[in-house]
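Residue-level structure breakdown
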Amino acid sequence: MVSCTLTLFFKALYPSFINRCNKERLTEEDVKTLDEIKEHIKARPNTFFEMEAFLPKKNGLYLNLVLGNVSVTLLSKQSKFAYKDEYEKFKLYLTVILLLFAFMCYCFVSYRFVDAILNFLLVWYYCTLTVRESILISNGSRIKGWWVFHHYVSAFLSGVMLTWPDGYLYQNFRNQFLAYSLYQSIVHCMQYYYQSGCLYRLRTLGERHNMDLTVEGFQSWMWQGLTFLLPFLFFGHFWQLYNGLSLFRMARLPDCQEWQVSMCGISFLILFMGNFLTTVAVVRTKLKSKDQAKPKALCVTMADVEAESSTQPEAMEEENPLFSNLDLFLFTLIAGLIIYWFMSRKKAEPIPEFKKLNQPAPSTQETSFIEKMKKTGRNIVVFYGSQTGTGEEFANRLSKDAQRYGMKGMAADPEEYDMSELSRLAEIGNSLAIFCMATYGEGDPTDNAQDFYDWLQETDGQLNGVNYTVFALGNKTYEHYNAMGAYVDKRLEELGAKRVFDLGMGDDDGNLEEDFVTWREQFWPAMCEHFGVEASGEDSSVRQYELKEHNDINMNKVYTGELGRLKSFETQKPPFDAKNPFLAPVTVNRKLNKAGDRHLMHLEVDITGSKIRYESGDHVAVYPTNDTVIVNKLGQILGVDLDSVISLNNLDEESNKKHPFPCPTTYRTALTHYLDIIHPPRTNVLYELAQYATDPKDQENMRKMASSAPEGKALYQSFVLEDNRNILAILEDLPSLRPPIDHLCELMPRLQARYYSIASSSKVHPNSIHICAVVVEYTTKTGRLTKGVATTWLKNKLVADNGHKSTVPMYIRKSQFRLPFKASNPVIMVGPGTGIAPFMGFIQERGWLKEQGKEVGETALYCGCRHKEEDYLYQEELEEAEKAGVITKLNVAFSRDQEQKVYVQHLLRTNKEDLWRQIHTDNAHIYICGDARNMARDVQTAFYEIAEELGGMTRTQATDYIKKLMTKGRYSQDVWS
């Protein structure tokens, strides 16, 4: 109160004194007195503010939310200083702990759960800091603005890192983040000692703001220590910028699905902008204070004094900072968003504008399978996850079987229905859900089952009262055999559903058809017993589609090979996918091998103007057509006009699948473009066709082959599979069998697209896709020459001299087979035979990166062929790449050029020391492409042995080591069987 009174007294006295001075000339003593009065007036408000800081205050909003309405005011100056010192020591101790933990993770431990502990500690640390800082602010601390806000951002960043799932992208950023954490911990320790020394001197001198260092309270003697710190601070700020930009580049990758990548990138950019601008503000304040400290003339006129008196209130106020808190936050946010937009947009690549297709609006589709089942009186639903059509075929067979067992079923694509309604299945009496689930790729769901898989992972709903069973389709040669089917079976049980029959496991490497028939023969009797029903004994054929012949139809409305939209091949419109393939002209078709009895070919298709984008490692899918000779023979042997226009319409009007293939069309088109007439028919086809055999013995044998009896299985194995009889061969060898062609077309599976690893890089060939393949051709035991559908078709796609170009219906299927995010990482590629295809793209891309001045790591290739002088694929290109330094080590196994065969796995063992260094020390990425049944297993065994010998591991440890590389995305396979 005394200081306030004095202040008011001088404010009242000062104007009269000035007026008196205007009338008289000021002496030197008057000027001195006047300066003393001015300094006294300035000091009074500061004294008042210091007193105010020690008065009790209300908690802020944040403390009220965290602690409630609890007073955190410290009433003595000593208590405030003690709490401040304890806060600084807490920061130091935790920083040292985090430094040691980050060092351990970076150098010694590489487990995701240990990283999670580190990130949890960071979240807890920054959250604790925000609470403690709020308490300090309530007790007079002057820390504010970015000094507080950046801890909230850091807590958010650490939380996002905690939730980032382990995988290829996380492992790519992990070491960079740990190194950054180590550096920041070291800088924080240096900052602690600098701030402690400054605060100690401030308190000793009795200066104001002596609890904190602020921009406003920055003094010249503090500059000496800060000059040493500044380079470390600015380096850390720009490291944050580098982290943000790295994450945004990562977010642009086609296979980036994690939202954490973008969120971490934005957080790092906000940290960079805030820290950088705040540090610049400190430097600017220092430079500004230097300019103000220059000596001024001691000449003060009456006008000067009067002008100063008019601005006295502002002079008593504290100097304003360079940026307000709101300015700093908004500028940081806007700049971060601008940089994010700039980094995430596609460069030098116009955004395709797809026009809406002019096609009839689809009819309203029922998305509730429960309502559909109730409406049509069905009690069994068979869901399928299918990539090549086999799972869908099995689902259709099971739904048709239900009628023979006194029940009524429907096959359903989980992509077309709301699977969250599965819990309502219990509303239908004696209901059952059957799942025919295929596994695709590295244990992934098929495309049409992806949403169902995501729902199973996320849902916590209960499926009590739901009966189910699962049949899984897979291949034992793959690492994750039947992973999808096993997961569905386990997850449904966890959610409370009741498994009414054991999980069936189908192995396509053995005899998938036999596995399914055996499981089905045991499944239906068990269902009859479970539901208390009796089999009807009805074994007659059940038709699903009825024939409609079109004698007078506009041919513009007839399908001629299109997969989706009518006339889509005549008027091509993007986007292009499985239902709308692009007709790509073939520009190159050359033979790769110089000699030998095989035909290895290299094709190039032009995608100019299609807006199609691909990456090295992706697959190109092509839709082949059947050999016209076989199609014509089928027409002749069945005595039909192949050019008749027909439709096969589903007898079930409620079914979403109206036709087995696009209709209306001709028999010729169906047999050429839509139906698989080359693959040996499955047992259900033989069973359905048996009724048309006029010879009782033929009829008996066909029905026997469709049974699960041992003699029936053996007959099917020898007569159909081992002799490789397709439907034409069966009709030729069974003269009494002449089924109606419409029923045959109903039973034949759909002709599927063939997938090939792309042998080019879009960086080098943006408008061209390269394919490397070997033509399949062999003679069966019955003396018939069998040719591969797709490879024979591709072989005949010649480039004519008259300018006419053959076309290939194609689209791109994305793959996880990707080069490492960092080009400096070494890569080890193993691909014998046509397995070299994706590596041609990898080599082209590594060469392109090198031309751009990027640091490219070691590139080792292990490929193989039979004879160097016959089938050394891409010999000139590989030797040129080795000469240019793109391939640092070219290893080719010529398996039959010597008495004892040499394969790629033998070359791996020969170079084991170099391989182990690259894998264990240099973080090399391993890629395998080719045969899954033999080569991939032998190569993996070779890596086990190298890890055992040079890593000092047991076989179990070596296996876990390689599996860990797979989990991290450092051991990738693109294999087939």
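Here is what the cut-offs are and how they apply
Residues numbered from 1 in each chain as written. Predicted model: local features only at pLDDT ≥ 70, side-chain atom pairs only at ≥ 80, totals over all residues. Heavy atoms only, no water. Helix = DSSP H or I, 4+ residues; strand = E, 2+ residues; numbered from the N terminus. Buried < 20%, exposed > 50% of the residue type's maximum accessible area, 1.4 Å probe, protein only. Contact = heavy atoms within 4.5 Å. Areas by Shrake-Rupley, 256 points an atom, 1.4 Å probe, with all protein chains shown as cover. 1 Å grid on protein atoms, 1.4 Å probe; cavity = no way out; pocket = protein on both sides within 12 Å on 5 of 7 lines; lining within 4 Å. Points joined across faces, edges and corners; volume = space filled by probe spheres on them. Nonpolar A, V, L, I, M, F, W, Y, C, P; charged D, E, K, R; others polar. Pairing = 2+ DSSP bridges. Axes fitted to C-alpha atoms, helices over the stretch in contact; angles between N-to-C directions. Salt bridge = Lys/Arg side-chain N within 4 Å of Asp/Glu carboxyl O. Patch = residues over 30% accessible without salt bridge, like charges linked within 9 Å, V, L, I, M, F, W, Y side chains within 5 Å. Polar contact = N/O pair within 3.5 Å; in protein donor to acceptor, adjacent residues only side chain to side chain. UniProt positions renumbered as here; feature names shortened; annotations may be inferred. Parallel < 35°, antiparallel > 145°, perpendicular 65-115°, else oblique. Left-handed = near helix turned anticlockwise from the far one by under 90°. Phe/Tyr/Trp six-rings, centres within 6.5 Å; stacked < 30°, edge-to-face > 60°. Lys NZ or Arg CZ within 6 Å of the ring centre and 35° of its normal. pLDDT = per-residue confidence, 0-100.

**Regarding the overall build of the chain**
From N to C terminus, the chain includes 32 helices and 23 strands. Counting every position in the chain, which comprises 977 residues, the buried fraction comes to 50%. Once local pairs closer than 6 in sequence are excluded, the contacts in the chain between residues at least 24 apart make up 77%. For the chain, the accessible surface area stands at approximately 47400 Å², while carbon and sulfur atoms represent 54% of it.

**Thoughts on empty space enclosed by the protein**
Counting across every chain of the model gives four cavities of 30 Å³ or more. Taken as a whole, the second largest cavity encloses approximately 70 Å³ of empty space. Considering the residues around the second largest cavity, the lining is formed by Asn 511, Glu 513, Glu 514, Val 517, Thr 683, Met 705, Ser 707, Lys 713 and Tyr 716. Sorting the residues of the lining of the second largest cavity by element identifies helix 17 (512-531) and helix 22 (710-722) as the ones contributing at least two each. Considering each element in turn, the lining of the second largest cavity owes the most residues, three residues, to helix 17. Grouping the constituent residues of the lining of the second largest cavity by class yields three nonpolar, three polar and three charged.

**Some thoughts on the sheet that holds strand 23 (residues 971-976)**
Strand order in the open sheet formed by five strands is 21-20-19-22-23, with parallel pairing between adjacent strands. Every other strand in the sheet has two partners, leaving strand 21 (889-894) and strand 23 as the edge strands with one partner each. Within this sheet the neighbouring strands show an average axis-to-axis angle of 10°, counted without direction. With six bridges connecting them, strand 22 (residues 925-931) and strand 23 associate as parallel partners. Paired with Gly 930 across the strands is Val 975, a residue of strand 23. Contacting strand 19 (827-830), strand 20 (859-865), strand 21 and strand 22, helix 30 (residues 912-921) crosses the sheet at an angle of about 125° to strand 19.

**Quick word on the pattern of salt bridges**
Considering all chains together, one arrives at 38 salt bridges under this definition. Residue Glu 513 is joined to Arg 397 by a salt bridge in which the shortest nitrogen-to-oxygen separation is 2.8 Å. Taken together, the positions of Glu 513 in helix 17 and Arg 397 in helix 14 (residues 390-404) put the pair 116 residues apart, joining distant regions of the chain. Close ionic contact of Arg 784 with Glu 732 constitutes a salt bridge, the shortest N to O distance being 3.3 Å. In this pair, Arg 784 sits in the loop between strand 16 (777-779) and strand 17 (785-787) while Glu 732 sits in helix 23 (residues 727-733), placing the two residues 52 residues apart along the sequence. Overall, the relative accessible area of 35% leaves Glu 732 in the partly exposed class. One salt-bridge network, in which partners are shared between bridges, spans Glu 371, Lys 374, Glu 421, Arg 424 and Glu 427.

**Here we look at a nonpolar patch on the surface**
A surface patch of nonpolar side chains, about 320 Å² in accessible area, is lined by Phe 103, Met 104 and Phe 108. Along the polypeptide, Phe 108 turns up in the loop between helix 4 (77-107) and helix 5 (112-138). The class of Phe 108 is exposed, set by a relative accessible area of 65%.

**A short note on the side chain of Asn 467**
Relative to the elements of secondary structure, Asn 467 occurs in strand 5 (residues 467-474). Its relative accessible area of 12% is what places Asn 467 among the buried residues. One polar contact links the side chain of Asn 467 to the main-chain carbonyl oxygen of Ser 431, over a distance of 3.2 Å. Apart from residues no more than four positions distant in its own chain, Asn 467 is found in contact with Leu 425, Ser 431, Leu 432, Ala 433, Lys 498, Val 500, His 530 and Phe 531.

**Some thoughts on the UniProt feature "transmembrane region" (unreviewed entry) in the chain**
Following the UniProt record, the feature "transmembrane region" (unreviewed entry) maps to residues 90-111, 147-165, 221-239, 259-283 and 322-343 here. Secondary structure content for residues 147-165 is 89% helix and 0% strand, while the C-alpha to C-alpha distance between its ends is 31 Å. As a span, residues 259-283 carries 100% helix and 0% strand, and end to end its C-alpha atoms are 37 Å apart.

**Things to note about the packing of helix 18 (residues 628-638) against helix 19 (residues 667-674)**
Here helix 18 crosses helix 19 at 140°, and the two axes come no closer than 10 Å. When the interaxial angle is binned, helix 18 and helix 19 end up oblique. Here the hand of the crossing between helix 18 and helix 19 comes out right-handed. From helix 18, Val 631, Asn 632 and Leu 634 reach across to helix 19, where they touch Arg 668, Leu 671 and Thr 672. Each residue belonging to the contact of helix 18 with helix 19 can be placed in one class, and the counts come to three nonpolar, two polar and one charged.

**Considerations on the packing of aromatic side chains**
Summed over all chains, the structure comprises 41 aromatic pairs. Here Phe 173 and Phe 177 contribute two aromatic rings whose centre-to-centre distance is 6.3 Å and whose plane-to-plane angle is 35°, an arrangement assigned as tilted. Pair noted here: Phe 173 and Phe 177 are both in helix 7 (residues 168-205), with a separation of four residues, about one helical turn. Side by side, Phe 173 and Phe 177 carry an identical accessibility label, which is buried. With a centroid separation of 6.3 Å and an interplanar angle of 90°, the aromatic rings of Phe 369 and Tyr 417 are classed as edge-to-face. Pair noted here: Phe 369 is in helix 13 (residues 369-376) and Tyr 417 is in the loop between strand 2 (409-412) and strand 3 (432-440), with a separation of 48 residues, a long-range link. Taking NZ or CZ as reference, Arg 813 lies 3.6 Å from the ring centre of Tyr 755, over its face.

**Here's the deal with unusual backbone geometry**
The step from Pro 574 to Pro 575 runs through a cis peptide bond, and the omega angle for that step is 0°. Between Cys 663 and the following residue, Pro 664, the backbone shows a cis peptide bond with an omega angle of 0°. Following the sequence through the fold, Pro 664 ends up in the loop between strand 12 (645-650) and strand 13 (665-666). The backbone of Asn 482 shows a phi angle near 50°, a positive value even though the residue is not glycine.

**Observations regarding the confidence of the model for the chain**
Summary statistics for the chain give a mean pLDDT of 83 and a share of 81% for residues scoring 70 or more. Note on residues 1-14: pLDDT is under 50 here. Beyond four places in sequence and across chains, it has 12 contacts. The model gives residues 213-218 a pLDDT under 50, and that stretch makes 22 contacts with residues more than four places away or in other chains.

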